[in-house]
Each structure stands twice: as structure tokens, then as C-alpha cells.
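Summary of the model geometry
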Amino acid sequence: MIEYSQSLRYLREHENRDLFVPIRYEVVIWADTRPMMMGKQPPLVMEKPVKRRKLSDTVSPPEEEKWNGALESKPPPAPSPCLSMLLSQVQSSDLRWNKIKRDNLDLDYTVLFSKAAASSLLQALEEQVEYFTGDLARVRVFGKWHNLPRKQATYGDPGLTYTYSGIQTPARPWLPPLQHVRDVLARVTGHHYNFVLINRYKDGSDKMGEHKDDEKELDTNVPIASLSLGQERNFYFRHQDSRPPKKLNIEKVQIQLQHGSLLLMNSPTNNFWYHALPPRKASQGVRVNLTFRKIVASHSDKKVIRPPP
């Protein structure tokens, strides 16, 4: 038996790598030695050479081969900006306030947060806020109980409650995103809030009827701060004397509440003007509204009428 070795040229492993792997194999040649003894040259019988397969330029190497000492690892994706950092970028000097005044109506309006900050805040609230169910998701109107046409939640300092339309809502402990917003409001308005009412409108069919925020537990020296997130919606104020029975011809004040905008309702607005968020079928996106308030603790524990079971 005659045996010999042959080395092949390097085989390219992948189009993006100048890495070649030497392939070595043995070809065994068999010859019958008996004819040689009789003076005849035996024919050589060789194994057929193996046909090399051409690697396709479009075929990627196996996943496990991508990470080795010859290649640089890919950098990890950049982390998303911290929510608190985005919110803290608000500077009072950068805000452009729009003053809106009518007879006994005093409003201040501005875009508080950038689109990126407002969107990050909205996402955090969608993940963390727990909305009321059961009796706390009902409201009394003209002596009758109705399911709220939106979702609601309240957060604030320990022991505080807020009562309106026959229901008393307890304050859950502050969530970190709400604390960040509260601190920003304190910095840009000079007022310190201890309570927030959250309303979530799933689309344009959810609404808020005409009402005044004139409950006794509210500190009238501190304006209600209304922060809007998500779908832009129309918001209006209506003077009490334009409603029955007087029906005076007093024009409504209408505002388009933008994503990330802040509306301050200063005193004595809520003593004379109703406000509402009417339904809008064309508004298909989610809207979340946060109204920050200053609750006077001595008025936050009063008797309320409970809805029937």
C-alpha cells in the first residue's frame, strides 16, 4: 500500500473576513503489488478528488462564529434618557406664558415639557398608574349615579382625600414620575402641591362634563395646575351666568390643550366659570390629564354619600 499527503490551498471562510482555514486531508492510493513481482506496471487507482463547494457570498457564517478573538464586539445600544433628567431640563426662563383674562377668569398657559419629555412621562404613567374601579369609578349627577366616562386615580401626601360629586377619593402614595412633575411645578410656579387627580381618556368618546373645582378642601390661594399629555383636545370655559336660568350672552373661552402643556387656573376662576372637555370623535389617541392641587387637611375628612350597591 502506498500512502501520501497533500495540502490544499486556504479556503476563504466569509467575505467580510480575511481569515483562511487550512484544510488537510489524506488521499490513499491503493496498488496491487503482485503484478510488480511479475514485471508488470500496475495501474494506479486513485480516489476521485473531492469537489470543493463554492461558498455563497450571501450566506452568513453560523452565529457562534461571529464572536471570536479576531472580531470586535458590537457596542451595546445607547440607554434611553432618564425621565427625571428630561423633566429637570425645564427652565423657568425658557417658558413662554400666555395670559388669558376675562371677567373673573384668570388663566396662564404654556408648553411645559418638550415632546420627548412629555412622551416619556406619558409612557411611565401608562405603566404605573392604578385607576379606580367599583364605587370609586362612579359619580353622582343630579341625584343619580353614573359610571365615569373616563378612568380616574388620585395620589398625594399621606392621609389626604378629595371629595366631589358625592365620592371621596383617597390619595395613594406618590409615584416617582408624579413626584418629579410636582417638583418641577414647585420650581416654575412657586407653589407646593400635595395632591393630584389623574383622568385618562382612552379616545375622543371619553369626556368631562361642565363643572367647577370649588370644593372647600382646596386652597384658593394656590392655582390648580392642569398638565395635559397625549392626544390634543379642545377644552372650554363657560361663565355661570351663560347657563340656565340666566343664559346671558357670554362667549366661551376655548383652548387647545397640547401634548406637554400646562394650564394654571388662578383664583377666582373656579368661583364663576365652569370648564369641560367635550367628546371629539376625530380624536382617537389616549389623553392623560393631571390636575395638581393644594388640599387643606382640615377639610379633607368630611361625610360623603356612598353610591348604592
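Residues numbered from 1 in each chain as written. Predicted model: local features only at pLDDT ≥ 70, side-chain atom pairs only at ≥ 80, totals over all residues. Heavy atoms only, no water.

Before going further, it helps to spend a moment on the layout of surface pockets. Of the voids in this model, the largest pocket is the one considered here, and its volume is about 970 Å³. If you trace the largest pocket, you find 40 residues lining it, with Ser165, Met208, Gly209, Glu210 and His211 closest to the centre. Elements with a contribution of two residues or more to the lining of the largest pocket: strand 7 (138-141), strand 8 (144-147), strand 10 (161-164), strand 12 (195-201), strand 13 (208-211), strand 18 (273-277) and strand 19 (287-293). Residue classes in the lining of the largest pocket are distributed as 17 nonpolar, 12 polar and 11 charged. (1 Å grid on protein atoms, 1.4 Å probe; cavity = no way out; pocket = protein on both sides within 12 Å on 5 of 7 lines; lining within 4 Å. Points joined across faces, edges and corners; volume = space filled by probe spheres on them. Helix = DSSP H or I, 4+ residues; strand = E, 2+ residues; numbered from the N terminus. Nonpolar A, V, L, I, M, F, W, Y, C, P; charged D, E, K, R; others polar.)

To continue, consider the sheet that holds strand 16 (residues 253-257). The strands making up a sheet associate through hydrogen bonds between their backbones, and the pairing can be parallel or antiparallel. Pairing is antiparallel across the open sheet formed by four strands, whose spatial order is 13-18-15-16. Strand pairing shows two members of the sheet lacking a second neighbour, strand 13 and strand 16, which therefore form its edges. Pairs of neighbouring strands in the sheet enclose a mean axial angle of 15°, with direction left out of account. Taken together, the five bridges between strand 15 (residues 233-239) and strand 16 define a ladder with antiparallel strand orientation. (Pairing = 2+ DSSP bridges. Axes fitted to C-alpha atoms, helices over the stretch in contact; angles between N-to-C directions.)

What follows is about the nonpolar core. Core analysis: the largest hydrophobic core is formed by 36 residues, its most contacted members being Leu112, Phe113, Leu121, Leu178, Ile198, Leu290 and Phe292. Those residues within four positions of Phe113 in sequence are excluded, and the remaining contacts are Leu87, Val90, Ala118, Leu121, Val184, Leu227, His259 and Gly260. In this structure, Leu107, Tyr164, Ile224 and Leu257 belong to the second largest nonpolar core, which totals 26 residues. (Core = buried A, V, L, I, M, F, W, Y, C linked by side-chain atoms within 4.5 Å. Buried < 20%, exposed > 50% of the residue type's maximum accessible area, 1.4 Å probe, protein only. Contact = heavy atoms within 4.5 Å.)

This paragraph deals with the packing of aromatic side chains. Two numbers describe a pair of aromatic rings. These are the distance of the centres and the angle of the planes. In total, this model carries four aromatic pairs according to the counting rule given. Relative to Phe195, the ring of Tyr162 has its centre 5.8 Å away and its plane inclined at 50°; by these criteria the two rings are tilted. Of this pair, Tyr162 sits in strand 10 while Phe195 sits in strand 12, placing them 33 residues apart in sequence. The pair Tyr162 / Phe195 is uniform in exposure class, with both members buried. Aromatic pair Tyr193 and Phe292: ring centres 6.3 Å apart, planes at 65°, arrangement edge-to-face. Placement of the pair is Tyr193 in the loop between helix 4 (176-189) and strand 12 and Phe292 in strand 19, with a sequence separation of 99 residues. (Phe/Tyr/Trp six-rings, centres within 6.5 Å; stacked < 30°, edge-to-face > 60°.)

Right, let's get into the side chain of Thr269. In this fold, Thr269 is placed in helix 5 (residues 269-272). Its relative accessible area of 0% is what places Thr269 among the buried residues. A polar side-chain atom of Thr269 sits 2.6 Å from the main-chain carbonyl oxygen of Asn266. Excluding residues within four positions of it along the chain, Thr269 makes contact with Asn104, Leu105, Asp106, Leu107 and Phe237. (Polar contact = N/O pair within 3.5 Å; in protein donor to acceptor, adjacent residues only side chain to side chain.)

Spatially, 5-6-17-14-19-12-9 is the arrangement adopted by the seven strands of the open sheet, whose pairing is antiparallel. Edge positions in the open sheet fall to strand 5 (98-102) and strand 9 (151-156), since each of these has one partner strand only. Shown here is a sheet whose adjacent strand axes are inclined to one another by a mean of 20°, direction ignored. Taken together, the six bridges between strand 9 and strand 12 define a ladder with antiparallel strand orientation. Residue pairing for strand 12: Lys151 is matched across the bridge by Arg200. Packing against the sheet, helix 3 (residues 115-128) makes contact with strand 9, strand 12, strand 14 (224-230) and strand 19, and its axis sits at approximately 90° to strand 14. Contacts from helix 4 reach strand 9, strand 12, strand 14, strand 17 (261-265) and strand 19, with the element oriented near 55° to strand 19.

All chains considered together, the criterion is met by nine salt bridges. Between Lys99 and Asp106 there is a salt bridge whose closest N-O contact spans 2.8 Å. A relative accessible area of 44% places Lys99 in the partly exposed class. Ionic pairing is found between Arg200 and Glu126, a salt bridge with its closest N-O pair at 2.9 Å. Taken together, the residues span a long stretch of sequence, with Arg200 in strand 12 and Glu126 in helix 3 at a distance of 74 residues. Here the salt bridges share partners, and the residues they tie into one network are Lys99, Asp106 and Asp108. (Salt bridge = Lys/Arg side-chain N within 4 Å of Asp/Glu carboxyl O.)

The subject of this paragraph is unusual backbone geometry. Pro245 follows Pro244 through a cis peptide bond whose omega is 10°. Cis geometry marks the peptide bond from Ser267 to Pro268; its omega dihedral reads 5°. Mapping Pro268 onto the fold places it in the loop between strand 17 and helix 5. Of note, Asn104 is a non-glycine position whose phi angle comes to about 65°, a positive value.

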